[in-house]
Amino acid sequence: MPFYKDMPLVCRACGETFIFTAGEQEFYADKGFLNEPTRCPKCRVRRESAGGRGRRDAKEVKGKR
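Residues numbered from 1 in each chain as written. Predicted model: local features only at pLDDT ≥ 70, side-chain atom pairs only at ≥ 80, totals over all residues. Heavy atoms only, no water.

**Student:** When you look at the overall build of the protein in this model, what are you seeing that I'm missing?
**Tutor:** Within the protein, the regular secondary structure consists of three helices and two strands. Going residue by residue from the N terminus, the α and β elements of the protein occur as β-β-α-α-α. A buried classification covers 17% of the 65 residues belonging to the protein. Across the protein, the fraction of contacts at a sequence separation of at least 24, relative to all contacts at a separation of at least 6, is 28%. Surface summary for the protein: the accessible area is close to 5600 Å², and the carbon and sulfur share equals 53%. (Helix = DSSP H or I, 4+ residues; strand = E, 2+ residues; numbered from the N terminus. Buried < 20%, exposed > 50% of the residue type's maximum accessible area, 1.4 Å probe, protein only. Contact = heavy atoms within 4.5 Å. Areas by Shrake-Rupley, 256 points an atom, 1.4 Å probe, with all protein chains shown as cover.)

Have a look at this one:
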C-alpha cells in the first residue's frame, strides 16, 4: 500500500465528506474498479438495503411484470 493515501471525497447523496482509505483504494484496484466511490459508507448501505440500484431499476422491473 505504499502509493495509496487516504483521501477525502464528498458523498453525492448526502454531501458529507468521507475518507476513501488507502486500504479501500487497494481493494478497489485489486477488484479492477476504475472509479472512486461516489457515496459514503452510510449512504451505500442505505442504497443497498433499499433494493439496489435505485428507481430506474424498480421501474424496469415493474414494466416487465
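**Student:** How do you make sense of the nonpolar core when you look at a structure like this?
**Tutor:** Note on soluble globular proteins: their nonpolar side chains tend to be buried together. The biggest cluster of nonpolar side chains holds seven residues, and these are Leu9, Cys11, Phe18, Phe20, Tyr28, Cys40 and Cys43. The contact partners of Cys40, leaving out residues within four places of it in the chain, are Cys11, Cys14 and Phe18. (Core = buried A, V, L, I, M, F, W, Y, C linked by side-chain atoms within 4.5 Å.)

**Student:** Which parts of the structure should I look at to understand the packing of aromatic side chains?
**Tutor:** A ring pair, where both rings are aromatic, is described by two values, the distance of the centres and the angle of the planes. What the rule picks out here adds up to five aromatic pairs. A centroid spacing of 6.3 Å and a plane angle of 70 degrees characterise the contact between Phe27 and Tyr28, whose relative ring orientation is edge-to-face. Centroid distance Phe27 to Phe33: 6.5 Å. Interplanar angle 70 degrees. Geometry classified as edge-to-face. Assessed through its relative accessible area of 43%, Phe27 is described here as partly exposed. Looking at Phe33, the relative accessible area reads 45%, which means it is partly exposed. Members of the aromatic cluster, connected to one another through ring pairs, are Phe20, Phe27, Tyr28 and Phe33. (Phe/Tyr/Trp six-rings, centres within 6.5 Å; stacked < 30°, edge-to-face > 60°.)

**Student:** I'm lost on the pairing of strand β1 (residues 7-10) in this one. Help?
**Tutor:** Regular strands place their side chains on alternate faces of the sheet. Judged from the four bridges that link them, β1 and strand β2 (residues 17-20) form a sheet pairing that is antiparallel. In the strand pairing of β2, Pro8 is matched with Ile19. Counted along the chain from β1 to the antiparallel partner β2, the turn is six residues long, and its residue Gly15 has a positive phi close to 80 degrees. (Pairing = 2+ DSSP bridges.)

**Student:** Is there a simple way to think about the side chain of Arg39 in this case?
**Tutor:** Topologically, Arg39 is positioned in the loop between α1 (22-31) and α2 (41-49). Buried charged residue Arg39 carries no salt bridge. Nearest counter-charge: Glu48, at 9.2 Å. (Lys, Arg positive; Asp, Glu negative; His and termini not counted. Salt bridge = Lys/Arg side-chain N within 4 Å of Asp/Glu carboxyl O.)

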